[in-house]
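Understanding the architecture of this molecule
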Protein chains: 4
Amino acid sequence: MQLGMIGLGRMGANIVRRVVADGHTAVGLDRQHSNIEALTGELGSTFVGTTELADFVGALQAPRVVWVMIPAGATSALIDQVAELLEPGDIVIDGGNSRYHEDIARAAKLKPLGLHYVDIGTSGGVFGRTRGFCLMIGGEAEAVAHLDPLLQSIAPGFETAERTPGRTGEPAPAERGYLHCGPAGAGHFVKMVHNGIEYGAMAAYAEGLNILHRANLGTVDPKEFSAEETPLERPELYRYDLDVPEITEVWRRGSVVASWLLDLTAAELHADPNLDAFGGRVSDSGEGRWTLDAAIDTGVPVPVLASALFARFSSRGEAQYADKVLSAMRKAFGGHEELAGG
Amino acid sequence: MQLGMIGLGRMGANIVRRVVADGHTAVGLDRQHSNIEALTGELGSTFVGTTELADFVGALQAPRVVWVMIPAGATSALIDQVAELLEPGDIVIDGGNSRYHEDIARAAKLKPLGLHYVDIGTSGGVFGRTRGFCLMIGGEAEAVAHLDPLLQSIAPGFETAERTPGRTGEPAPAERGYLHCGPAGAGHFVKMVHNGIEYGAMAAYAEGLNILHRANLGTVDPKEFSAEETPLERPELYRYDLDVPEITEVWRRGSVVASWLLDLTAAELHADPNLDAFGGRVSDSGEGRWTLDAAIDTGVPVPVLASALFARFSSRGEAQYADKVLSAMRKAFGGHEELAGG
Amino acid sequence: MQLGMIGLGRMGANIVRRVVADGHTAVGLDRQHSNIEALTGELGSTFVGTTELADFVGALQAPRVVWVMIPAGATSALIDQVAELLEPGDIVIDGGNSRYHEDIARAAKLKPLGLHYVDIGTSGGVFGRTRGFCLMIGGEAEAVAHLDPLLQSIAPGFETAERTPGRTGEPAPAERGYLHCGPAGAGHFVKMVHNGIEYGAMAAYAEGLNILHRANLGTVDPKEFSAEETPLERPELYRYDLDVPEITEVWRRGSVVASWLLDLTAAELHADPNLDAFGGRVSDSGEGRWTLDAAIDTGVPVPVLASALFARFSSRGEAQYADKVLSAMRKAFGGHEELAGG
Amino acid sequence: MQLGMIGLGRMGANIVRRVVADGHTAVGLDRQHSNIEALTGELGSTFVGTTELADFVGALQAPRVVWVMIPAGATSALIDQVAELLEPGDIVIDGGNSRYHEDIARAAKLKPLGLHYVDIGTSGGVFGRTRGFCLMIGGEAEAVAHLDPLLQSIAPGFETAERTPGRTGEPAPAERGYLHCGPAGAGHFVKMVHNGIEYGAMAAYAEGLNILHRANLGTVDPKEFSAEETPLERPELYRYDLDVPEITEVWRRGSVVASWLLDLTAAELHADPNLDAFGGRVSDSGEGRWTLDAAIDTGVPVPVLASALFARFSSRGEAQYADKVLSAMRKAFGGHEELAGG
């Protein structure tokens, strides 16, 4: 089968590599010649590289499969452009990080042209090439069914996890790592919530490790406490110098909190035990915010996911004005002077 | 009636001033001669100042009323000392910020000596002298009853708030601003929860004002957004330059969020509209933490009070290790580089 | 001056009453004859009641002031209707609970017609008639200036709060209880955040009172603890039968948490000490949600406001599916059986 | 090597099974004959079962290894008893769920007797027998070193996870699934934080799945919304009937949120897709609470871990009084009637 890929950055190129490695062919489009050349050298005749949209579409066989894998902000405009060159029955996929609202709009726009729109939320990050990509898919059933051979090649595959007890027979697509979740937008909706969960789980580890990191607070000379800190009532309870990297390692085997995120954390902490490479300003992409929006719209309480997002905002100094207000109030009613930073 | 006060700092001195102004007499003890002299000059013969414990006790008439108003850390030792000089029937009051656990222990210790122990949580801060102090009281009923004339003088008084609809007859003590809450520790318990609520309410204002403060984000040139910030989807919705000081002023009249904390905030913002005097490192005293401990012990969900406390911790940089862990994870799975601070 | 009011429900009628009481005249429109009759009987010749839009507009003098005070969902359609009957220079006010997004759209739509649009967020609830309404106003400066005499009559007035220290001279509008916050939408934006703060402050009290309510947990026979409850480590610390109604009363005088919300809470608890009239399913209107949306859009951390909103969702059972997931997980890894409710 | 085990419930018996399967011998003590008989039948001569403490100690060779695996509440008393029968150089292990405070006290008490105290936090639940137990260990280095052969047999072993990139040479103990974390109490401290993280991660999944579960809210007839619910502004965005069990399955392969907890969740949801077996009252054991206590003591912000704990409290109805307070306030200022449940 043939895959057309627009955008040969890390994600797009790795998807192409996986389908070609599994016996398919691919046509790629990228404005950067270097991206084209790299893949051509690597994949040989199974890959056709192009730098112009017309050439790209011309190299595809109908029904064309056009996977768009470019920054979310540029996707809608590009889909409009490519749609003009396609024919009824062709399939347009957005595999990027669009908000699912846009998928609903795009599908409605492409439908009168006879084009199928499929949204695919893609998880796996830099490890996707070897580990496979987890694919969450939205769109019409027939279009998704047509893509099945490609999806199987891109997804991790059945053998990459132990089978869930109770499941029998031919593995379901979900057991191979891809799932048709529902109509247009369903793929990005599920991916969005996936990322929301990711934020929460990451924060759970980060907060817990912070407690371990501070478990030696009782060994600090009380005189070194600044006046703004409450001295420990029982310093003898906090006299542990814990080896956080080794603790993350030990949890990888047999514990309840074993996870892929923990595997990665253990690797990072092994390489940089004090995390000296980082300053602690944590970015957030749209998905975490959109997950909250969806929860608020539907009245679902998500205190953990919200706390995780807000901690990222705070890590970038966004609480500072609020904190100044608190200091001003404390001065006003209690005469408390704020202490200099330290 | 006569009040003995140990500790003539701001709080102790203002309580003495209120009882004397209301016709009582007072004996004070303070190691600092200047504190004694100031009050003596001001209050004349209605006040006897001492600098030695024996002189202080000697100047009191039985049954003695000894109010201890010194830093919480020194209170227990001092109460042990003073107890040796007292006689059965005397009353010892801790009006400071002790944890209520200690009150329970102290009452049990003083009881065999025939001494009464009363704990009084005191709210009102620097405004207490003129506004009166809100008194939350724990201890045996008879001892508290004996103190009634003094408590009336220290508390704000009935006329300082409009009467609650439905209440009739002789004003209850609570309507004068003091309340016998229960046995030993009950006063500090109620004061502790008061402070927990205070943290939560303060944070509610601070977070809301922060939103107002940022309501002009849509006027920022998108090019000035750092790469770690999500650009606004609809910048046209955030083009307000709001006058936060005036907004806090307008809410003081007729709004649902009118409060004494808001009065203070409006005053601070009027004096220093950009809060330039503050850096945003917010201290916390023990009460906020103890409130959480009590909630956790009794299984009461307190997400708001907890969030308020943790925001103070974070304002002092205590989330930094956790934030570094998050950045490390993001780099590991997504190849995301953390950006330099800005 | 003359006020036209569409919608004579509680809020609209009370605003009319305040302006008439202060020497203005009013024209009212309401489909319900009973609402019209009640006001006509009460206000006499200073009030003209109508039940048809054309009659209403006809009774107004140019430049007309049309205040719309109807449910938010019906406001836009009505404004469209009324706009057709107005003339350049007339002023349309939305005093309801519209989202500020709509104000921006409406102002843009009315501008080409020469009509001025003003949005007014109104706080004060059922007490507004006597206490006055706190008014947060968005729109063009000239239109707002034209309304000044009416705004002064509706707002609480300067004397309803002690003057903020440091303020001198002629009272500013904010000191009378109304404020022109900015262009279209600014009024509802500020009102929205006001309500967000309200949610947070309410939750702070509610959580704190819940701790007080449970302070007697140590008197419960441990055998009565269900197996799903952690027994108290130190039951002797939780043996207080606290009188929550009296505690809210005492805090009204001299404490840091004194507020109008506390005044109301004390009144409710005095009338119904165990809150038997309530089941604990707490509604939320749009403003609390929109405040969160605004915070998320602008990257402002609001853990307290969010926790307060989510607690309301949870109070209505919206966490139940999540809770079932937790129970399923616990059974899976620990063999823990969930216990029957009790 | 020989292991003495007191308490042959599920955990104790499975640990005995693992050491015996790996070539060691074991002596067991349990008051319940049936527990003894079951293990004797299964393990034959490699296991000696006893029902009296003296017999148990008598069957052990010096230096004795006595692992106590009984409910936390009974552990201290039993350790006191057994200590009387032991000799200098013997080792007492608490493998249960004690609070680390107790470990510190016990180690200090046993030291003058020449006895070594080791605390082992054990994770793995009902899967530990086959999956191995993750062991977090506190105590003196020599004692822990002496136990090494047993610990290796109980822990999962090196091959149960892929090696962390960058690690080379002979696998460290952490890579086999056990770790000497520090002096007395360090094992239970690390296990406590492990459980705190577990609560947070579980809640992240549960909240996210709840959003997926409600993604069809836009298909509900608006007339069926109760008056206390805010109708959806854009119902067309919430018209997905998502298959939550299949979504948890697909995330197991290649996604960022793949974890053992997710594996278990997928299995539970496959077996009971609507979670009909559960009511949603979620218990909490001590560790989640103690984790918060430690964070509060040391000033570490843990909003996610706290939110997760409080959600469990709320699931059991513990927010109800607070919710009633909110309803009372709403009625007071807005005249809002609370609606009946449904």
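As the structure is a prediction and not an experimental result, all values here were calculated from the model. (Residues numbered from 1 in each chain as written. Chains lettered and ligands numbered in written order. Predicted model: local features only at pLDDT ≥ 70, side-chain atom pairs only at ≥ 80, totals over all residues. Heavy atoms only, no water.)

**Looking at the overall build of chain A**
Inclusion rule: Going along the chain from the N terminus, every DSSP run of H or I of four or more residues is numbered as a helix, and every run of E of two or more is numbered as a strand. Surface exposure here means Shrake-Rupley accessible area, sampled with a 1.4 Å probe, where a residue is shielded only by the protein chains that are shown. The convention is simple: Lys and Arg are positive, Asp and Glu are negative, and His and the chain ends are not counted. Charge positions are represented by NZ for Lys, CZ for Arg, CG for Asp and CD for Glu.
Broken down by element type, chain A carries 15 helices and eight strands. Seen along its three principal axes, the alpha-carbon backbone of chain A occupies a region of about 75 × 45 × 45 Å. For chain A, the accessible area works out to roughly 11,800 Å², and carbon and sulfur atoms hold 52% of it. On chain A, the mean spot of the 28 positive side-chain charges and the mean spot of the 45 negative ones are 2 Å from each other.

**A short note on the pattern of salt bridges**
Stated formally: Salt bridge criterion: a side-chain nitrogen from Lys or Arg within 4 Å of a carboxyl oxygen from Asp or Glu. Burial classes follow relative accessibility: with a 1.4 Å probe on protein chains only, a residue under 20% of its type's maximum area counts as buried, one over 50% as exposed, and anything between as partly exposed.
If you walk through the whole model with that rule in mind, you get 100 salt bridges over all chains. Linking A:Asp293 and A:Arg99 is a salt bridge whose minimum nitrogen-to-oxygen distance equals 3.0 Å. Of the two residues, A:Asp293 is situated in helix 13 (residues 286-298) and A:Arg99 in the loop between strand 5 (91-94) and helix 5 (100-110); the sequence distance between them amounts to 194 residues. Assessed through its relative accessible area of 10%, A:Asp293 is described here as buried. Owing to a relative accessible area of 11%, A:Arg99 belongs among the buried residues under this scheme. Between A:Glu175 and A:Arg167 there is a salt bridge whose closest N-O contact spans 3.7 Å. Each member of the pair, A:Glu175 as well as A:Arg167, carries the same accessibility label: buried. What you see here is one network of salt bridges that share partners, running through A:Arg163, A:Arg167, A:Glu175, D:Glu246, D:Glu249, D:Arg252, D:Arg253 and D:Asp263.

**So, the interface of chain D and chain A**
For the record, the criterion: Here a residue-residue contact requires only that any non-hydrogen atoms of the pair lie within 4.5 Å. Simply put, the buried area is the total loss of 1.4 Å probe accessible area from both parts when two parts are fitted together. Residues adjacent in sequence count toward polar contacts only when both atoms are side-chain atoms; beyond that, a polar contact is any pair of N or O atoms within 3.5 Å, and within protein one must be able to donate a hydrogen and the other to accept it.
Taken residue by residue, the interface counts 94 residues in chain D and 94 residues in chain A. With both sides pooled, the region where chain D packs onto chain A buries about 7,600 Å², and carbon together with sulfur makes up 67% of that total. Residues D:Arg167 and A:Glu249 are paired through a salt bridge, measuring 3.2 Å at the closest nitrogen-oxygen approach. Where chain D packs against chain A, one counts 44 residue pairs in polar contact (both at pLDDT 80 or more). The biggest single contributor to the side of chain D that touches chain A is helix 10 (residues 186-213) of chain D, with 18 residues.

**Description of the sheet that holds strand 4 (residues 65-68) of chain A**
Residues and elements named next belong to chain A. Using the following cut-off: When DSSP locates at least two bridges between a pair of strands, those strands are taken to pair. Axis lines are fitted through C-alpha atoms, for helices just across the contact stretch, and the angle between N-to-C directions can take any value from 0 to 180 degrees.
Pairing is mixed in the open sheet, where eight strands are placed in the order 3-2-1-4-5-6-7-8. In the strand order of this sheet, the two ends are held by strand 3 (47-50) and strand 8 (178-182), each with one partner. Each strand of the sheet is rotated relative to its neighbour by a mean of 25°, with strand direction disregarded. Pairing analysis gives four bridges linking strand 4 to strand 5, with the strands arranged parallel. Note on strand 5: the bridge partner recorded for Trp67 is Ile93. Lying on the sheet, helix 1 (residues 10-21) is in contact with strand 1 (2-6), strand 2 (25-29), strand 3, strand 4 and strand 6 (116-123); it crosses strand 1 at an angle near 170°. On the sheet, helix 10 (residues 186-213) packs against strand 5, strand 6, strand 7 (134-138) and strand 8 and is oriented at approximately 15° with respect to strand 6.

**Quick notes on the environment of A:Arg31**
Residues and elements named next belong to chain A. Summarising the element assignment, Arg31 is placed in the loop between strand 2 and helix 2 (33-43). Judged by relative accessible area, Arg31 falls into the exposed class, the value being 51%. Between the C-alpha atoms of Arg31 and Glu52, which are 21 residues apart in sequence, the distance is 7.5 Å. Once residues lying within four places of it in the same chain are set aside, the contact partners of Arg31 are Thr51, Glu52 and Leu53. For Arg31, the side chain forms a polar contact with the main-chain oxygen of Thr51, separated by 3.0 Å.

**Notes on the packing of helix 10 of chain A against helix 13 of chain A**
Residue and element names in this part refer to chain A. So the rule is basically this: Put simply, angles under 35 degrees are roughly parallel, angles over 145 are roughly antiparallel, angles from 65 to 115 are roughly perpendicular, and the rest are oblique. Polarity classes work like this: nonpolar for Ala, Val, Leu, Ile, Met, Phe, Trp, Tyr, Cys and Pro, charged for Asp, Glu, Lys and Arg, and polar for all others, with Gly in that last group.
At a closest axis distance of 8 Å, the pairing of helix 10 and helix 13 adopts a crossing angle of 105°. Considering their axes alone, helix 10 and helix 13 lie roughly perpendicular with respect to each other. Within the contact between the two elements, helix 10 uses Phe189, Lys191, Met192, Val193, Asn195, Gly196 and Tyr199 and helix 13 uses Glu287, Gly288, Trp290, Thr291 and Ala294. Residues belonging to the contact of helix 10 with helix 13 are distributed by class as follows: six nonpolar, four polar and two charged.

**Focus: the interface of chain C and chain A**
Between chain C and chain A, the contact holds 20 residues from the first and 20 residues from the second. For the pairing of chain C and chain A, the buried interface totals around 1,600 Å² over both sides, and the portion due to carbon and sulfur atoms is 72%. Along the contact surface separating chain C from chain A lie zero salt bridges. At the boundary of chain C with chain A, the tally comes to four residue pairs in polar contact (both at pLDDT 80 or more). Elements represented by at least two residues in the side of chain C that touches chain A include exactly helix 13 (286-298) and helix 14 (303-315) of chain C.

**A few points about unusual backbone geometry**
Put simply, B:Ala62 and B:Pro63 share a cis peptide bond, and its omega is -10°. The residue A:Leu275 is not glycine, and still its phi comes out positive at about 55°. Looking at the secondary structure, you find A:Leu275 in the loop between helix 12 (260-271) and helix 13.

**A short note on the relation of the copies chain C and chain A**
Just so we agree on the cut-off: The atoms used to superpose the copies are C-alpha atoms, taken from residues with pLDDT of at least 70 in both, and the fit is least squares.
Overlay of chain C on chain A (RMSD 0.0 Å): rotation 180°, translation along the axis 0.0 Å. A rotation of that kind, with that shift, is consistent with a two-fold axis. Across chain C, the smallest distance between a C-alpha and the rotation axis is recorded for C:Asp293, namely 3.3 Å. Mapped onto chain A, 100% of the interface residues of chain C again fall at the interface, so both copies present the same surface.

**A few points about the confidence of the model for chain A**
Which entries qualify depends on this criterion: The pLDDT value expresses, per residue, how confident the predictor is, ranging between 0 and 100.
On average, residues of chain A carry a pLDDT of 95, and 97% of them reach 70 or more. Both confidence scores are given for the complex: pTM 0.96, ipTM 0.96.

**Observations concerning the nonpolar core**
We apply this condition: As used here, the term nonpolar core means buried Ala, Val, Leu, Ile, Met, Phe, Trp, Tyr and Cys residues forming a set that is joined through side-chain atoms within 4.5 Å.
Core analysis: the largest hydrophobic core is formed by 262 residues, its most contacted members being A:Trp251, B:Trp251, C:Trp251 and D:Trp251. Excluding residues within four positions of it along the chain, C:Trp251 makes contact with B:Cys134, B:Met136, B:Val190, B:Val193, B:His194, B:Ile197, C:Leu209, C:Leu212, C:Val257, C:Ala258 and C:Leu262.

**Section: the sheet that holds strand 3 (residues 47-50) of chain C**
All names here are of chain C. Read from one edge of the open sheet, eight strands run 3-2-1-4-5-6-7-8, paired in mixed fashion. With one partner strand each, in any of the chains shown, strand 3 and strand 8 (178-182) form the two edges of the open sheet. Strand after strand, the sheet turns through a mean of 25° between neighbouring axes, direction not considered. Where strand 5 (residues 91-94) meets strand 6 (residues 116-123), four bridges bridge the pair, whose relative direction is parallel. The residue of strand 6 that forms the bridge with Asp94 is Asp119. Sitting on the sheet, helix 4 (residues 72-85) is in contact with strand 1 (2-6), strand 4 (65-68), strand 5 and strand 6, with an inclination near 160° to strand 4. Its contacts with the sheet put helix 5 (residues 100-110) on strand 5 and strand 6, and the angle it makes with strand 6 is roughly 155°.

**Topic: the environment of B:Ala141**
Residue and element names in this part refer to chain B. As for its placement among the helices and strands, Ala141 is situated in helix 7 (residues 141-146). Since its relative accessible area comes to 47%, Ala141 is described here as partly exposed. Note: C-alpha distance between Ala141 and Pro63 (78 residues apart in sequence) is 16 Å.

**Re helix 1 (residues 10-21) of chain C**
All names here are of chain C. Let me state the cut-off plainly: The span one expects for a helix is its residue count, reduced by one, times 1.5 Å.
A rise of 1.5 Å per residue sets the reference length of helix 1, with its twelve residues, at 16 Å; its end C-alpha atoms lie 16 Å apart and thus fit the reference within 8%. The element helix 1 is largely enclosed, with a buried count of nine among its twelve residues. Of the positions making up helix 1, those classed as buried are Gly12, Ala13, Asn14, Ile15, Val16, Arg17, Arg18, Val19 and Val20. Just past helix 1, the residue Gly23 takes up positive phi, approximately 100°.

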